[in-house]
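Fold and contact review
Each chain, letter by letter, is given below.
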Amino acid sequence: MTSKTPIPVVVNGAGGKMGREVIKAIAKAEDLNLVGAVDLNPAYRGEDIGEICGCGALEVPVIDDLQSVLVLATQEKIQGVMVDFTHPDTVYENVRSAIAYGVRPVVGTTGLTPEQITELGNSLVAEREARSQLETQLAQQAETIAAQATAIAQLDSDADAQALIVTGQSDL
């Protein structure tokens, strides 16, 4: 049996009733890793979310800055997920932020209009296309670098290597 990297999860609205239930479920799951807990309630700020939820210390403090936690989620090996149980007034911008950071939103908050849902869907499609284009460009650059490295390895003299490096030729 192979070990899979757990999915990094951010919970926004972590101190609320549903947020606490999500935290408890993540704490029990082997394939999920809680990387951030966001809540605007000042009473929770800096506290361990596991202690707040009654499931023991998880070593994840509650913070009130969603952007910072989304940045943290992007540093993981695999793409992260943001679970949002906040408020209808903020959910739209929260989801837009998650998409912008490449973190997949899972929304439990109601109140989005059909137009907002359509726009968010379009944003997600655009982000996927941009990511795909970037991956293609990176693969092409990697091929070019590999070809240059091969050409350098096959050179007979240091002078030939210097000429290749100075001119940027990769078709030797």
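In case you missed it, the structure is sitting above this.
Residues numbered from 1 in each chain as written. Predicted model: local features only at pLDDT ≥ 70, side-chain atom pairs only at ≥ 80, totals over all residues. Heavy atoms only, no water.

Right, let's talk about the pattern of salt bridges for a bit. Two side chains with opposite charge may pair up if their charged atoms get near one another. This model, assessed by the stated rule, comprises 4 salt bridges. Linking Glu93 and Arg96 is a salt bridge whose minimum nitrogen-to-oxygen distance equals 3.8 Å. Here the residue Glu93 and the residue Arg96 both occupy positions in helix H4 (residues 88–100), the gap between them amounting to 3 residues, near one helical turn. Relative accessible area serves as the criterion here: at 48%, Glu93 is assigned to the partly exposed category. Assessed through its relative accessible area of 34%, Arg96 is described here as partly exposed. In this structure, Glu119 and Arg96 form a salt bridge, with 3.1 Å as the shortest nitrogen-oxygen distance. Within this pair, whereas Glu119 is found in helix H5 (residues 114–154), its partner Arg96 is found in helix H4, the two being separated by 23 residues in sequence. (Salt bridge = Lys/Arg side-chain N within 4 Å of Asp/Glu carboxyl O. Helix = DSSP H or I, 4+ residues; strand = E, 2+ residues; numbered from the N terminus. Buried < 20%, exposed > 50% of the residue type's maximum accessible area, 1.4 Å probe, protein only.)

Next up on the list: the sheet that holds strand E1 (residues 7–12). Sheet strands associate in pairs through backbone hydrogen bonding, adopting either a parallel or an antiparallel arrangement. Spatial ordering of the open sheet is given by E3-E2-E1-E4-E5, a layout of 5 strands whose pairing is parallel. In the strand order of this sheet, the two ends are held by strand E3 (62–63) and strand E5 (104–107), each with one partner. Here strand E4 (residues 81–84) runs beside E5; their pairing, made up of 4 bridges, is parallel. Its bridge partner being in E5, Asp84 is matched across the sheet by Val107. (Pairing = 2+ DSSP bridges.)

Moving on, we get to the side chain of Thr109. Tracing the backbone through its elements, the reader meets Thr109 in the loop between E5 and H5. Within the local environment of Thr109, its side chain forms a polar contact with the side chain of Asp84, the two groups lying 3.1 Å apart. A polar contact of 2.8 Å, which involves the side chain of Thr109, links it to the backbone nitrogen of Thr86. The contacts of Thr109, once residues within four sequence positions are left out, are Asp84, Phe85, Thr86, His87, Pro88 and Val91. (Polar contact = N/O pair within 3.5 Å; in protein donor to acceptor, adjacent residues only side chain to side chain. Contact = heavy atoms within 4.5 Å.)

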